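# A structural walkthrough
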Amino acid sequence: MESIFHEKQPSGNMDDSGFFSIQVISNALKVWGLELILFNSPEYQRLRIDPINERSFICNYKEHWFTVRKLGKQWFNLNSLLTGPELISDTYLALFLAQLQQEGYSIFVVKGDLPDCEADQLLQMIRVQQMHRPKLIGEELAQLKEQRVQKTDLERVLEANDGSGMLDEDEEDLQRALALSRQEIDLEDEEADLRRAIQLSMQGTSRNICQDTPQTSGTHLTSEELRKRREAYFEKQQQQQQQDPPGHPCGKPNTSSGALDSDLGDAMSEEDMLQAAVTMSLETVRSNFKTEGKK
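Nothing here was measured: the structure is a model prediction, and the numbers come from that model. (Residues numbered from 1 in each chain as written. Predicted model: local features only at pLDDT ≥ 70, side-chain atom pairs only at ≥ 80, totals over all residues. Heavy atoms only, no water.)

## Things to note about helix 3 (residues 90–102)
Among all positions of helix 3, only Leu93, Phe96, Leu97 and Leu100 are buried. Angular distribution of buried residues about the axis of helix 3 spans 95°; they occupy a single face of the element. In helix 3, those exposed residues whose orientation departs by more than 90 degrees from the buried face are Thr91, Leu95 and Gln102. Buried-residue contacts for helix 3 involve strand 2 (56–61), strand 3 (64–71), strand 4 (74–77), strand 5 (86–88) and strand 6 (106–111). Residue glycine 104 follows helix 3 closely and has a positive phi angle near 100°. (Buried < 20%, exposed > 50% of the residue type's maximum accessible area, 1.4 Å probe, protein only. Helix = DSSP H or I, 4+ residues; strand = E, 2+ residues; numbered from the N terminus. Arc of directions from axis to C-beta. Contact = heavy atoms within 4.5 Å.)

## Some points on the sheet that holds strand 2
The strands making up a sheet are joined through hydrogen bonds of the backbone, oriented either antiparallel or parallel. Taken in spatial order, the six strands of this open sheet run 1-6-2-3-4-5, and their pairing is antiparallel. Every other strand in the sheet has two partners, leaving strand 1 (35–38) and strand 5 as the edge strands with one partner each. Ignoring which end each strand starts from, the neighbouring axes of this sheet average 30° apart. The sheet contacts of helix 1 (residues 22–30) involve strand 1, strand 2, strand 3 and strand 6, and relative to strand 1 the element is tilted by about 140°. Along the sheet, helix 3 contacts strand 2, strand 3, strand 4, strand 5 and strand 6; its crossing angle with strand 5, the most-contacted strand, is approximately 110°. (Pairing = 2+ DSSP bridges. Axes fitted to C-alpha atoms, helices over the stretch in contact; angles between N-to-C directions.)

## Observations concerning unusual backbone geometry
Phi angles above zero are rare outside glycine, and arginine 48 is one such case at about 50°. Residue position: arginine 48 is located in the loop between helix 2 (42–47) and strand 2.

## What about the side chain of asparagine 77?
Inspection of the secondary structure assignment puts asparagine 77 in strand 4. Accessibility expressed as a relative area gives 4% for asparagine 77, which makes it buried. Separated by 3.2 Å, the side chain of asparagine 77 and the backbone nitrogen of asparagine 79 make a polar contact. Setting aside anything within four residues of it in sequence, one finds asparagine 77 in contact with Phe66, Thr67, Val68, Leu82, Gly84, Pro85, Glu86, Ile88 and Phe96. (Polar contact = N/O pair within 3.5 Å; in protein donor to acceptor, adjacent residues only side chain to side chain.)

## What about the environment of tryptophan 75?
Turning to its location among the elements, tryptophan 75 is positioned in strand 4. Distance from tryptophan 75 to leucine 87, taken between C-alpha atoms, is 6.1 Å for residues 12 residues apart in sequence.

## Details of the packing of aromatic side chains
Here the distance between the centres and the angle between the planes together describe a pair of aromatic rings. Counted according to the given criterion, the structure contains seven aromatic pairs. For the ring pair phenylalanine 39 and phenylalanine 57, a centre distance of 5.7 Å and an interplane angle of 90° mean the geometry is edge-to-face. Note that phenylalanine 39 is positioned in the loop between strand 1 and helix 2 and phenylalanine 57 in strand 2, a separation of 18 residues in sequence. The burial state of phenylalanine 39 is the same as that of phenylalanine 57; both residues are buried. (Phe/Tyr/Trp six-rings, centres within 6.5 Å; stacked < 30°, edge-to-face > 60°.)

The quantities given are spatial measurements derived from coordinates; they are silent on function.
Below, the structure written as structure tokens:
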């Protein structure tokens, strides 16, 4: 029995990946009354048709096909390698097609009336504004992978720095505490300097007062000493009166005010009295300075 199985011969019009040749696509479009014309052929170039006046282009490079089509009043790159349709302006369309040709693409113009589609009807009423150009699928995946890697690295760094982060916070608290301590020390130093300045000023004032006072006597009498000297003087006068008989002439002056002042002058000079008065005044000044210093 003759074998009915024959070895399958590879076809040039398709392969197992789903790739179809231009002949297959051209025959398929004829069913819809459409025709393919090579964009850069001399016949088409002689027509000098502006690309924006066409309706659709089919682009091929090796085993990849995609369409550039006008939907509504705008052109779109419908490349399946992109994450979505790419809007192409009318002014950029000719440059875009020229760039594809430089990259080695074969471009075919689809001539004829294209079948109606919902997208074409919708875009006849509204215009699309595209803020961001869609990326290649592989490019987006690579960026997502890179972002994941960066995120993982960042998480590792954060985990590794958890302890050091706490140390940094503790160090900052310590630095703040030291700064406050320095400020308090500075305030205390300023207060101490102020107290010393007041004390020196008081001492200087006391010295000036003492220097301005004539010091002919080396003895500084206080009010108590002055009182004791007066008492001694009066006791001496009483003793002299008791020793002299009544009516007996005495060469010494009577206990008049002049004699009292003269004898008092013998026991205590005017300079001593002045020194005692100055001493009392200085004691009053010192007490006043001390009171103001405490305030």
